[in-house]
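Topology and contacts: notes
If you want the building blocks of each chain, they are given just below.
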Amino acid sequence: MNRFPASLPRRMYWSKKAGGTSACPECHGMLEPEDHAYLLAVRQRVNIESYVVGPKGGHFCSKCPVVVLDDDAFGELAALSMRSSRDIQFVVLGLVDLDAVPEEKRHLRFGGDNNPIPLVKFTNIGQGQGTDKR
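For every chain, the first residue of its written sequence is number 1, and the numbers climb from 1 along that sequence. In keeping with the predicted nature of the model, local features appear solely for residues at pLDDT of at least 70, side-chain atom pairs appear and are counted solely at 80 or more, and the whole-chain, interface and lining totals rest on all residues. The side-chain quantities take in all heavy atoms of the structure and omit both hydrogens and water.

1. Considering the overall build of the chain
When helices and strands are tallied, the chain shows two helices and nine strands. Per the convention used, a helix needs a DSSP run of H or I reaching at least four residues, while a strand needs a run of E reaching at least two, with both numbered from the N terminus. Its helices and strands taken in sequence order, the chain reads β-α-β-β-β-β-β-α-β-β-β from the N to the C terminus. For 134 residues, the compact-globule formula gives about 14 Å, and the C-alpha radius of gyration of the chain, at 15 Å, lands near that figure. Partly exposed describes any residue whose relative accessible area lies between the buried limit of under 20% and the exposed limit of over 50%, with all areas from a 1.4 Å probe on protein chains only and scaled to the type maximum. By the burial criterion, 43% of the 134 residues in the chain qualify as buried. In the chain, the proportion of contacts linking residues at least 24 apart, taken out of those at least 6 apart, comes to 69%. Only the protein chains shown count as covering a residue, and every accessible area follows the Shrake-Rupley method with a 1.4 Å probe. As presented, the chain carries roughly 7800 Å² of accessible surface, and 50% of it is formed by carbon and sulfur atoms. Of the charged side chains in the chain, 17 are positive and 16 negative; the average position of the first set lies 5 Å away from that of the second. Radius of gyration here uses only the C-alpha atoms, and the compact-globule reference equals 2.2 Å multiplied by the residue count raised to the power 0.38. By definition in these notes, contact holds between two residues if any of their heavy atoms fall within 4.5 Å. The charge count includes Lys and Arg as positive and Asp and Glu as negative, but it does not include His or the ends of the chains. Every charge is mapped onto a representative atom, which is NZ of Lys, CZ of Arg, CG of Asp or CD of Glu.

Encoded structure:
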């Protein structure tokens, strides 16, 4: 079990804007790395694709509901998904709560009516925090 549950809504910041991955940009508490699954949407020109990814790029605040994402880790994933790092934009929409998937559906692909993605959206996504351009 993770120390920082995916089910808790959080505010997200990029590491470059937050000044790194050691201190929380809001409360200055210590950030701790923890593996999680995220929903990444990537746009290149008119193509938009979404992916559930699980990089080692999330750093969680030990005192408040904040996560700082490593720009480079997610940028690399976005570029790999489109086979090019040119003219791409991406957004990390939130954490995927894998614990919320019923046992009988864990073998199914995410998406569709039978097994929707259990997304816990970042609470500040509408304020431009989730997007990055390469």
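After presenting the structure, the write-up continues.
2. With respect to the confidence of the model for the chain
Should pLDDT be low for a region, the predicted coordinates there are not to be read in detail. Residues of the chain with pLDDT of at least 70 account for 91%, and the chain-wide mean is 88. Each residue carries a pLDDT value, the predictor's own confidence for that position, ranging from 0 to 100. Looking over the chain, one finds the lowest element-wise mean pLDDT in strand E9 (residues 131-133), namely 54, and the highest in strand E5 (residues 58-61), namely 98.

3. Overview of the packing of aromatic side chains
Ring pairs shown here join Phe, Tyr and Trp side chains whose ring centres sit within 6.5 Å, with only the six-membered ring taken for Trp; geometry is labelled stacked below 30 degrees between planes, edge-to-face above 60, and tilted in between. Under the defined criterion, the tally for this structure stands at four aromatic pairs. Centre to centre, the rings of Trp14 and Phe74 are 6.1 Å apart; their planes meet at 70°, and the pair counts as edge-to-face. Remark: Phe74 occurs in helix H2 (residues 71-82) and Trp14 occurs in strand E1 (residues 11-14); sequence separation between them is 60 residues. Look at Trp14 and you get buried, because its relative accessible area is 1%. Residue Phe74 is classed as buried on the basis of its relative accessible area, which comes to 0%. Arranged with centres 5.7 Å apart and planes meeting at 90°, the rings of Trp14 and Phe90 form a pair that is edge-to-face. Here the residue Trp14 occupies a position in strand E1, and Phe90 occupies one in strand E7 (residues 88-96), the gap between them amounting to 76 residues. With respect to burial, Trp14 and Phe90 carry one shared label: buried.

4. Some words on the pairing of E7
Side-chain direction in a regular strand flips from residue to residue, so the side chains alternate between the two faces of the sheet. The buried count for E7 comes to seven of nine residues, which makes it a mostly enclosed element. In this analysis, strands are considered paired if DSSP registers two or more bridges between them. Bridge analysis of strand E3 (residues 37-44) against E7 gives eight bridges, and the strand direction is antiparallel. What sits directly across from Tyr38, in E7, is Leu95. Both E7 and strand E8 (residues 119-121) contribute to a ladder of three bridges, which runs antiparallel. Its bridge partner being in E8, Leu95 is matched across the sheet by Val120.

5. Examining the sheet that holds E1
Strand order in the open sheet formed by four strands is E1-E6-E5-E2, with mixed pairing between adjacent strands. Unpaired on one side and paired on the other, E1 and strand E2 (31-33) mark the two borders of the sheet. Neighbour-to-neighbour, the strand axes of this sheet turn through a mean angle of 30°, independent of strand direction. Only the stretch in contact is used when a helix axis is fitted, and all axes are lines through C-alpha atoms; the angle between N-to-C directions ranges over 0 to 180 degrees.

6. Quick word on the environment of Gly75
Position of Gly75 among the secondary structure elements: in helix H2. Judged by its relative accessible area of 6%, Gly75 falls in the buried class. Sequence separation between Gly75 and Val42 is 33 residues; the distance between their C-alpha atoms is 9.8 Å.

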